[in-house]
Each structure stands twice: as C-alpha cells, then as structure tokens.
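Chain and residue survey
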Amino acid sequence: MIQIARPEIVCYTDLTNEEGGGEPEPLLHRKGRPAAECEEGMEILYRSTRGDERVSASQAILRGLSGDGGLYVPERIPTLTKTPEELGQMDYREVAYEVMKLFFTDFSKEELQGCIEKAYDDKFDTEEIAPLAEAEGAFYLELFHGKTIAFKDMALSILPHLMITAAKKNRMDREIVILTATSGDTGKAALAGFADVPGTRIVVFYPKGGVSPVQEKQMVTQKGDNVLVVGIDGNFDDAQTGVKKLFADRELAAELEEAGFVFSSANSINIGRLVPQIVYYVYAYSRLAAEGRIKAGDPIHVTVPTGNFGNILAAFYAKNMGLPIARLLCASNENKVLYDFFQTGTYDRNREFILTSSPSMDILISSNLERLIFRLTGEDPARTAELMAALANGGRYEITEEMRERLGDFYGGYAKEEEAFRKIRSLYEETGYVIDTHTAVAAAVYDAYRKESGDKTPTVIASTASPFKFTRSVMRAIDGKYGDASFDDFELADELSALANVPVPRAIEEIRTAPVLHHTQCAKDGMKDVVRRFLGQE
Ligand SMILES: *Cc1c(COP(=O)(O)O)cnc(C)c1O
C-alpha cells in the first residue's frame, strides 16, 4: 500500500462536530488552501471502515485500501449545493464537477476540471455521456457509451487522471502499479483507462472461462507498453482474493518499493471510482426534471443490477446528498447473496458459485457492502472489522435487528436466468428496445417489484452494459435459433444491429480483427510470480 507523509495541519474547524458537543477536531489541511474555504468546513477527510486512520481525498485515491484492510469512506456525505433546476441546465461534465468538488476537496478547481475533461470527451459516443431511454414506463440510464461499452467506463475513464493528479499533489514519485481482479468488465475498462498513461502500469487477472468471449477478446487484444493481462485457473472470487493477498504481502511491497514501484487498486473499492458513479444519478435526476418527465423534488426509485455493490452504493450516497431517491432496488442474479442478506440479515457466501449469463454479477463477496455495513453499525470501525473478520474466516456474518432497521430504503430482489431472458425478449417485442443480460436482471426485478407493490414511482434502471457486449446471450434470448454455435460473435453483432436498428459500436468493430497480444495464464497461487516477472524482479 502507498505510504505517504500526512499533510500539514494548517487550520482547525469545529464543523466536523455537526452532531453537537465534543472537542473541535483538527482538520488535516493541504498547505496553501485558502483559509476561507477551510472555515466553510468544505474539507472532507476519508476514514477507514475498520480503524481510526484518516487521510485526504487524494491520499485515499492513491492508497485504494486502508492499511488496516478497511475501505475509505467520507467522514460525512456532503449536501448538493445546486438545485435540480440548476443542474438540469448543465452538461455531464459540469454536473460531474458539481458533485466531485464536494468529495475531492483537496483537488483544486483546475485539477478537477482537467481530470473531468480528459475523462468525459469523445471517447464516449454520445455528447450526453449517459443518455436516458424510456421503455415500458421505466427510464433506462445508459451507462455504456464509453470505450468498452459497459458502465465501469464511467469511473475508470477518470480514475487514472485522478491518480496521477493525486500522486503529484503528494509528491509521490514511484511508478504506480495497478493490480485488478475482474469478472469481465472492470478489466477491460481499467486497461483502456490506464494503457500508456505515463507513471503507471497495470496487471489484470480474470477467471479463465469465467468471462464472455467478447470480454476476453477485448482484454487479450489490449495494446499498451504498460499492460499485462492474465487468465487464472479459478473463478472471480479466487482472482479477487489473490489480488488482496498481493496487496497484503509486505515482503513483496518492500521488494517493489526498492525497485521504485508501488501498488494501487483500480477495483471498485477505490473511492476514486465510487464518487464518479454518484454523478450519473444526479445527472439522470436533473435531466428528468429538466425535461419535465418528473417534477423537481419528486421522489424516484433506482434499480441497479448489482455485483460488488459499488454502483448501488453510489446511488445511496447520491440519496444521502439530498437527491430525492426513495428506494434502492438491489437486483441480483442467481448468485443471490445480497437478496438473502436483505431478506434475513445474514450474509452468507457459503454456497455454490453459479456461472450465469450476467457474469459481471457472478460475485459472492460484494466488497463495497462493507461501506454500508459501516453505516449500519453507526460508523463503528471495531464492529465493522469484527463482521468482516467473520466473513473472511467463516464466510458469513449476521447483523443485528437494529442494523436491519436502518436498511429500510433498500429492497432486494433477484431474477433467474430464464426471467432475465424473458425480459429481454418481451421488451424487444413490445418496444424494439434491446437491453443486455445484466440490465435485464434489474428490469425483471423491477417488474416483479412493481407488480407486487403496485408502486408507480418513476424509476431509473441502471443500464450497465451494451447488448453488444453480451451479444450471444442477448440474441439467444430474443430468438432461440441464435443459440446455434454456427453463428460467430461478429455475425451475431451484425444481426443484433439490424434487429435493434443500432449501429455496431466502435468497441466491437475494433476487436473484429485485432490480434491477440496476451497469452499469460497462471494457477491461483501463481499470481505473485507473474507480477514479479512483469516488473522485472527475477
Ligand atoms: C460490474 C458490473 C455490474 C455490477 O456492478 P457493481 O458496482 O459491482 O455492483 C453490473 N453490470 C455490469 C455490466 C457490470 O460490468
């Protein structure tokens, strides 16, 4: 993990004690920041969910994970300072700035705007960045218009820029080595984000056989002198556990420090990924209000196809910022750990791992849930650490009745394979709109919720991948004949294009003919050697 000197303390404020009473707390403060801003109490520090460590936003971004194994959370969630009407007049980049400036308080305006402009540019195939499509009364928030046609682009387009800026601010001159475990989409989005970014290298581990052929092709064709892609013998949780072990390996860290490297993470636990995800909920709400589809101030629900719990947590943070989100519908596929957790208060990963056609949600340990757990404990790091230790040791933990009561805004649902497939087909047949397999899980869960509750509150469904990313499953859902192995993936993409009346995205066109550049494979316990070799440590 990155170790950086603490910033100098230059001012004190009592605004961290809004809850009342107590001694004024010193705020760590970046040297040279205008005192006025300091007095306004704008500074937000990040604390570990498992201990007392507190760092600035830029340090939290650089470190990824806290030294005690906990995740960084903002000490308090800032309130939106602009109304939906004002935000409704802004483009995506401007909304991004309005949200991020409240969280990344040690970045200057120029730094933050610079990062935003480099991230949300013509890499995206639409000026809107995250457009909304209405179908059958629901609003699909299309988060797949970036380089890799899946929602992780939204955060991973900006993370490298936030990291480099953070490194400069903290006078950190070692080369940043990103280690990432992927269930398919993160890997490519991280590779695309970091490829050839000076001062960085990236190693991506994916479960061999556990990602779609298109996902695999996207990764193994990745160009860039600073990238390595590795297929491992195991599932996503094995990959993630392996990466965590590498991060915790002090011997390795010391060896690499000597050689001028430092590890960091681009996984969804990094606060530099979480915060950019808050933006699109704020953007979606203000667009709906600006277009008169809802009245500003009226509640909406959001439905999120969930795996690692990052995307839905961002919606929860948006709600805590004052965005009128009433309910958060957490949609799982057949790996329904989260559904069971919301039902029973017990999180239990001891179960069969099921490979589904929504592989980015095939996850039994939802890392970001720890941030919610921390909130449920009343921000008690010791209690959170205990629960996470129980998860690590016995694979399960149980929360108290009191904690469960704080879950009120969440609703857990899940959809079986055939339900998601049926949804893809019926939506296409009714409206001509085609959604991917992950989005279909969310849409099916939303349908079931609406039927069961009769609740007609306008709802935004996070549409997390382009149907062209999971073409085979999507086409098979629409018509069984496409299940025939004689169709290759690119033929299917052409068929889908004709059927949905949408051009084949650039991301797919590019890999049609691209050569495979990465052939590395390893066993679960071979990950360390692979990394050492890549960094020239033999
Ligand atoms: C990663 C991913 C998800 C799950 O998002 P989390 O933030 O991990 O909950 C859903 N759909 C797609 C397409 C994804 O890539």
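Residues numbered from 1 in each chain as written. Predicted model: local features only at pLDDT ≥ 70, side-chain atom pairs only at ≥ 80, totals over all residues. Heavy atoms only, no water.

**Observations regarding the overall build of the chain**
Within the chain, the secondary structure is distributed over 23 helices and 18 strands. In terms of overall size, the chain behaves like a compact globule, its C-alpha atoms giving a radius of gyration of 22 Å where 538 residues would be expected to give roughly 24 Å. Counting all 538 residues of the chain, 61% fall into the buried class. The long-range fraction of contacts in the chain, counting pairs at least 24 apart against all pairs at least 6 apart in sequence, stands at 73%. Accessible surface computed for the chain: about 20800 Å², of which carbon and sulfur atoms make up 46%. Measuring between centres, the 61 positive side-chain charges of the chain sit 1 Å from its 83 negative side-chain charges. (Helix = DSSP H or I, 4+ residues; strand = E, 2+ residues; numbered from the N terminus. Rg over C-alpha atoms; globule rule 2.2 N^0.38 Å. Buried < 20%, exposed > 50% of the residue type's maximum accessible area, 1.4 Å probe, protein only. Contact = heavy atoms within 4.5 Å. Areas by Shrake-Rupley, 256 points an atom, 1.4 Å probe, with all protein chains shown as cover. Lys, Arg positive; Asp, Glu negative; His and termini not counted. Charge placed at Lys NZ, Arg CZ, Asp CG, Glu CD.)

**So, the confidence of the model for the chain**
Scored by pLDDT, the chain comes out at a mean of 90, with 92% of its residues at no less than 70. Low pLDDT, under 50, characterises residues 1-40; the predicted model gives this stretch 65 contacts beyond four residues in sequence or across chains. (pLDDT = per-residue confidence, 0-100.)

**Quick look at the sheet that holds strand β8 (residues 175-181)**
The sheet built from 5 strands is open, its strands ordered β11-β8-β9-β10-β18 with parallel pairing. With partners counted over all chains shown, the strands left at the sheet margins are β11 (261-265) and β18 (521-523), one partner each. Going from strand to strand, the sheet's axes swing by 30 degrees on average, the running direction of each strand aside. Bridging between β8 and β11 involves 5 bridges; their strand directions are parallel. In the sheet register, V177 faces β11, and the bridge partner there is F263. Packed onto the sheet, helix α9 (residues 213-220) meets β9 (200-207) and β10 (227-233) and runs at close to 155 degrees relative to β9. (Pairing = 2+ DSSP bridges. Axes fitted to C-alpha atoms, helices over the stretch in contact; angles between N-to-C directions.)

**Some words on the site of the ligand**
Lining the immediate surroundings of the ligand are 15 residues, of which K152, D185, G307, N308 and T464 lie closest. Contact distances for the ligand include 2.8 Å between an oxygen atom and a backbone N or O atom of G307. With respect to the ligand, the side chain of T464 contributes an N or O atom lying 2.8 Å from a nitrogen atom. When the free accessible area of the ligand is taken as 380 Å², the share hidden by the protein chains comes to 98%. (Near = heavy atom within 4 Å. Polar contact = N/O pair within 3.5 Å; in protein donor to acceptor, adjacent residues only side chain to side chain.)

**Looking at the packing of aromatic side chains**
Each aromatic ring pair is characterised by the separation of its centres together with the angle its planes make. By the definition in use, this model includes 18 aromatic pairs. Centroid distance Y280 to Y281: 5.0 Å. Interplanar angle 55 degrees. Geometry classified as tilted. Y281 matches Y280 in its accessibility class, with the two residues each being buried. Aromatic pair F341 and Y397: ring centres 6.3 Å apart, planes at 70 degrees, arrangement edge-to-face. (Phe/Tyr/Trp six-rings, centres within 6.5 Å; stacked < 30°, edge-to-face > 60°.)

**Quick look at helix α15 (residues 369-376)**
Owing to its 3.6 residues per turn, the α-helix aligns residues three or four sequence positions apart on the same side. With respect to burial, α15 is a largely interior element, 7 of its 8 residues being buried. Two residues or fewer past α15, G378 is found with a positive phi of approximately 75 degrees.

**Quick notes on the sheet that holds strand β6 (residues 132-135)**
If you trace the 6 strands from one edge of the open sheet to the other, you get β6-β7-β17-β12-β13-β16, paired in mixed fashion. Strand pairing shows two members of the sheet lacking a second neighbour, β6 and β16 (410-414), which therefore form its edges. Neighbouring strand axes in the sheet, compared pairwise and without regard to direction, differ in orientation by 25 degrees on average. Pairing analysis gives 5 bridges linking strand β12 (residues 300-305) to strand β13 (residues 325-332), with the strands arranged parallel. By the bridge assignment, T303 is partnered in β13 with L329. Against the sheet, helix α13 (residues 310-320) touches β12, β13, β16 and β17 (459-463), its axis set at about 175 degrees to β13.

**Digging into the environment of K82**
With respect to the secondary-structure elements, K82 resides in the loop between β5 (72-74) and α3 (84-88). A residue is classified by how much of its surface remains accessible, and K82, at 27% relative accessible area, is partly exposed. Along the primary structure K82 and S486 are separated by 404 residues, whereas in three dimensions their C-alpha atoms are 54 Å apart. The contacts of K82, once residues within four sequence positions are left out, are L87, M90, E98 and K101. At 3.3 Å, the side chain of K82 forms a polar contact with the side chain of E98.

**So, helix α18 (residues 417-431)**
The terminal C-alpha atoms of α18, which comprises 15 residues, lie 21 Å apart, in line with the 21 Å expected from a rise of 1.5 Å per residue. Looking only at α18, the buried set comprises A420, F421, K423, I424 and L427. Angularly, the buried residues of α18 cover 155 degrees about the axis, an arc narrow enough to put them on a single face. The outward face of α18, more than 90 degrees from its buried face, is lined by the exposed residues E429 and E430. Tucked into the core, α18 has its buried residues touching β6, β7 (138-142), α19 (437-453) and α20 (471-478). G432 lies just past α18 and shows a positive phi near 85 degrees. (Expected span 1.5 Å × (residues − 1). Arc of directions from axis to C-beta.)

**A short note on the environment of I294**
For I294, the location among the structural elements is in the loop between α12 (271-290) and β12. Sequence-wise, I294 and T49 are 245 residues apart; in three dimensions their C-alpha atoms are separated by 36 Å. Contacts of I294, omitting those with residues within four sequence positions, involve Y285, L288, A289, I300 and P458.

**Comments concerning the pairing of β12**
Counted residue by residue, β12 has 6 buried out of 6 residues, so it is predominantly covered. In the classification by handedness, the crossover that spans β12, the intervening α13 and the parallel β13 is right-handed. One ladder, built from 3 bridges, connects β12 with β17; its direction is parallel. Each bridged residue has a counterpart across the sheet, and for T303 the counterpart in β17 is I461. (Right-handed = clockwise from strand over helix to strand, strands pointing away.)

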